[in-house]
Amino acid sequence: SYTDEVRRSVKENYGFEKLYSEGLSIRTPLNINYQIQALKSLRKGIEDYDKRHGWRGPISNTLKNKNWKIKLDKLKLDPTLNWKFAEIQNLNNSEINFKILNDKIKKDTYGVLSSKNLKWVLSNKKTLKEVFKVGDIIFVKQVNNSWSLKQYPKVDGGIVALDPYTGDVKALVGGFNFRSSEFNRVTQAKRQPGSAFKPIVYAAALENGFSPNSIILDAPFVESQGVGLKNWKPENYGKKFYGPTTLRKGIEYSRNLMTVRIAKILGMEKILKLSKKLGIYDEIPELLSVSLGAAETSLLNLTSAYAPFVNGGKKIKPILISRIQDRRGNTIFKVDNRKCSGCDNYNSQSKKFPTIESLEERVFSEETAYQMTKILRGAVERGTAKKLKSLKVPIAGKTGTTNDNYDAWFIGFSSDLVIGVYIGFDNPRTLGKFETGSKAALPIFKDFVE
């Protein structure tokens, strides 16, 4: 999906003709090891989520459905998944014997699934014979001589990793299976970021006279929405209030009521101005609910907006293409977001080395960047992201969960990498009870960093 994004970009800027017939040489900042790991981590996280929500039944059954072959032909699987279609030959309550279907190998391949690997299927105390029947067609995958059962997930997501100093996109995976859906959930999906937007609110607060130990009231909040409309009453996750609390704690524990109060005191205009500068939004209404992440943005935009926390307050633009040359080697495009100060008059006798300076605009002060990094470290040390403590690496970040758990996010960073993860259904609906950013998205980030 990274290369497809590059293809789309070149086609938009240079046209179909130039892209497909002029022998362009395109250089990208992709790190192939990061890309492979990003795909593995995203798939693992999506499958883990899917298993938590149980087995949905076989693809078809050869004995009951005459058109089973047509159904299999319609399923387009990415070859990198290494999944096979299998037909159940016989089974008892301790194992399933199956035969691999339509494989390119001439001789038949058989395999066994044992019940100890199928605990996620056997919820509600059911037995194998109650769940499966002879003739059922299922997905299986072989890893180290043992077979496991697979199920095609309904949920999807994206992951992106970029360099916070240059904007170089090191890895970008826009979905579980590129063959069945070319929709890119990193660049094209517009979703509500929920609590993952809060750091922008707090950064605006630090820029306007607040400090990490400012006391904010964590108590019920009611806002009129106009004549004839119901009052807006936001709540904290867990529906509790904690009284006067420091600003730092408000983000570590993702307190909605404190965030809305800060937005009310600050005025939404300042928050929206900062989010526009950071490239999260173009046009959005001045509504208080936006401070809780109610307006939609893409994972790439939001992840890029976290980069200034690492680089000392400078905006970055995500870069998927670093250089394009034509077939004669002439450079027709080159990223030019840094200048070399002292390169033009440097010689081998010089005592002073040239320095490379970023030309990007400053969006907030170095002090704000430092304080926000410390506060987001706190979210990992004590707050909603404390599952990352076991990594034993300095990590900062923020979980994001929207109303009724429709979207789950985690955006986090080390000193040289910003990584954003998003999980959700393409047709928005709830991910289920307890499926927060911390449970659904954060493990993907953790797996990738590990």
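Please read all numbers here as calculations on a predicted model, not as lab measurements.

Enquirer: Would you explain the pairing of strand β18 (residues 418-424) in this entry?
Expert: Every regular strand shows the same layout, with side chains that alternate between the two sheet faces. With seven of seven residues buried, β18 lies mostly within the body of the structure. Residues Val418, Gly420, Tyr422 and Gly424 point to one face of β18 and Ile419, Val421 and Ile423 to the other, with burial holding for every one of them. Pairing geometry for strand β17 (residues 407-413) and β18, over seven bridges, is antiparallel. Bridge pairing links Phe410 to Val421 in β18. Remark: four residues form the turn of the hairpin made by β17 and β18, two consecutive strands paired antiparallel.

Enquirer: I keep staring at the pattern of salt bridges and nothing clicks. Help me out?
Expert: Where charged atoms from two side chains of opposite charge come close, those side chains can pair. As enumerated under the stated definition, the model contains 22 salt bridges in all. With a shortest N-O distance of 3.0 Å, Asp48 and Lys44 are connected by a salt bridge. One end of the pair is Asp48 and the other is Lys44, both in helix α2 (residues 32-52) and four residues apart, which spans about a single turn. In this structure, Asp218 and Arg255 form a salt bridge, with 3.5 Å as the shortest nitrogen-oxygen distance.

Enquirer: Hey, could you run me through the side chain of Asp4 in this one?
Expert: With respect to the helices and strands, the residue Asp4 is situated in helix α1 (residues 2-21). Those residues within four positions of Asp4 in sequence are excluded, and the remaining contacts are Phe178 and Glu182.

Enquirer: How should I be thinking about the sheet that holds strand β8 (residues 156-162) in this particular structure?
Expert: Strand pairs in the sheet, formed through backbone hydrogen bonds, run parallel or antiparallel to each other. Ordered in space as β9-β8-β18-β17-β16, the five strands form an open sheet in which the pairing is antiparallel. This sheet does not close on itself; its edge strands, each paired only once, are β9 (169-173) and β16 (396-401). Taking each pair of neighbouring strands and ignoring which way they run, the sheet shows an average axis angle of 5°. Bridge analysis of β8 against β9 gives four bridges, and the strand direction is antiparallel.

Enquirer: What exactly am I supposed to notice about the state of the cysteines here?
Expert: Counted under the stated rule, the structure contains one disulfide. The partner cysteine of Cys340 in its disulfide is Cys343, sulfur to sulfur 1.7 Å. In this structure the cystine formed by Cys340 and Cys343 twists about its S-S bond by roughly 65°; its chirality is therefore right-handed. Classification of Cys340 as partly exposed rests on a relative accessible area of 33%.

Enquirer: Where do I start with the layout of surface pockets in this structure?
Expert: Using a probe with the size of a water molecule, rolled over the atoms, empty space left in the structure can be pinpointed. Of the volumes computed, that of the largest pocket is approximately 1000 Å³. In this structure, the largest pocket is lined by 36 residues; those nearest its centre are Glu235, Asn236, Tyr237, Asn256 and Thr401. Sorting the residues of the lining of the largest pocket by element identifies β16 and α11 (437-449) as the ones contributing at least two each. With three residues, β16 is the largest single contributor of residues to the lining of the largest pocket. Split by residue class, the lining of the largest pocket holds eight nonpolar, 19 polar and nine charged. Taken as a whole, the second largest pocket encloses approximately 660 Å³ of empty space. Going through the elements one at a time, α1 and α2 are the ones with two or more residues in the lining of the second largest pocket. Sorting elements by how many residues they give to the lining of the second largest pocket places α2 first, with 10 residues. A per-class count over the lining of the second largest pocket returns 10 nonpolar, seven polar and nine charged.

Enquirer: Just to check I follow, could you spell out the sheet that holds strand β13 (residues 331-334) for this structure?
Expert: The three strands are arranged β1-β12-β13 in an open sheet whose pairing can be described as antiparallel. Each end of this open sheet is capped by a strand with a single partner; those strands are β1 (25-27) and β13. Neighbouring strand axes in the sheet, compared pairwise and without regard to direction, differ in orientation by 10° on average. Here β1 pairs with strand β12 (residues 323-325) via three bridges, running antiparallel. The residue of β12 that forms the bridge with Ser25 is Gln325. Against the sheet, α1 touches β1, β12 and β13, its axis set at about 150° to β13.

Enquirer: What am I meant to see in the packing of aromatic side chains here?
Expert: Centre-to-centre distance and the angle between the planes together describe a pair of aromatic rings. Inspection of the entire model under this criterion finds 18 aromatic pairs. Ring plane angle 65° and centroid distance 4.7 Å describe the contact between Phe410 and Phe445, whose orientation is recorded as edge-to-face. Taken as a pair, Phe410 in strand β17 and Phe445 in helix α11 lie far apart in primary sequence, 35 residues in all. Each of the two residues, Phe410 as well as Phe445, counts as buried. Here the aromatic cluster, defined as three or more aromatic residues joined through ring pairs, consists of Trp83, Phe85, Phe139, Tyr152 and Phe176. Between the NZ or CZ atom of Arg429 and the centre of the ring of Phe425, over which it lies, the distance is 3.7 Å.

Enquirer: I tried to follow helix α7 (residues 256-266) on my own but got confused; where do I start?
Expert: Side chains of residues three or four places apart in an α-helix project in the same direction, reflecting 3.6 residues per turn. The buried fraction of α7 is high, at nine of 11 residues. Listing the buried residues of α7 in full gives Asn256, Leu257, Met258, Thr259, Val260, Arg261, Ile262, Ala263 and Leu266. On its buried face, α7 sits against α5 (198-207), β10 (215-218), β11 (243-246), α6 (247-252) and α8 (268-277). A positive backbone phi angle near 95° is found at Gly267, which sits one or two residues after α7.

Thresholds, definitions, all that
Residues numbered from 1 in each chain as written. Predicted model: local features only at pLDDT ≥ 70, side-chain atom pairs only at ≥ 80, totals over all residues. Heavy atoms only, no water. Buried < 20%, exposed > 50% of the residue type's maximum accessible area, 1.4 Å probe, protein only. Helix = DSSP H or I, 4+ residues; strand = E, 2+ residues; numbered from the N terminus. Pairing = 2+ DSSP bridges. Salt bridge = Lys/Arg side-chain N within 4 Å of Asp/Glu carboxyl O. Contact = heavy atoms within 4.5 Å. Axes fitted to C-alpha atoms, helices over the stretch in contact; angles between N-to-C directions. Disulfide = S-S within 2.5 Å. 1 Å grid on protein atoms, 1.4 Å probe; cavity = no way out; pocket = protein on both sides within 12 Å on 5 of 7 lines; lining within 4 Å. Points joined across faces, edges and corners; volume = space filled by probe spheres on them. Nonpolar A, V, L, I, M, F, W, Y, C, P; charged D, E, K, R; others polar. Phe/Tyr/Trp six-rings, centres within 6.5 Å; stacked < 30°, edge-to-face > 60°. Lys NZ or Arg CZ within 6 Å of the ring centre and 35° of its normal.

In short, the description is geometric, and any link to function would need to be established separately.
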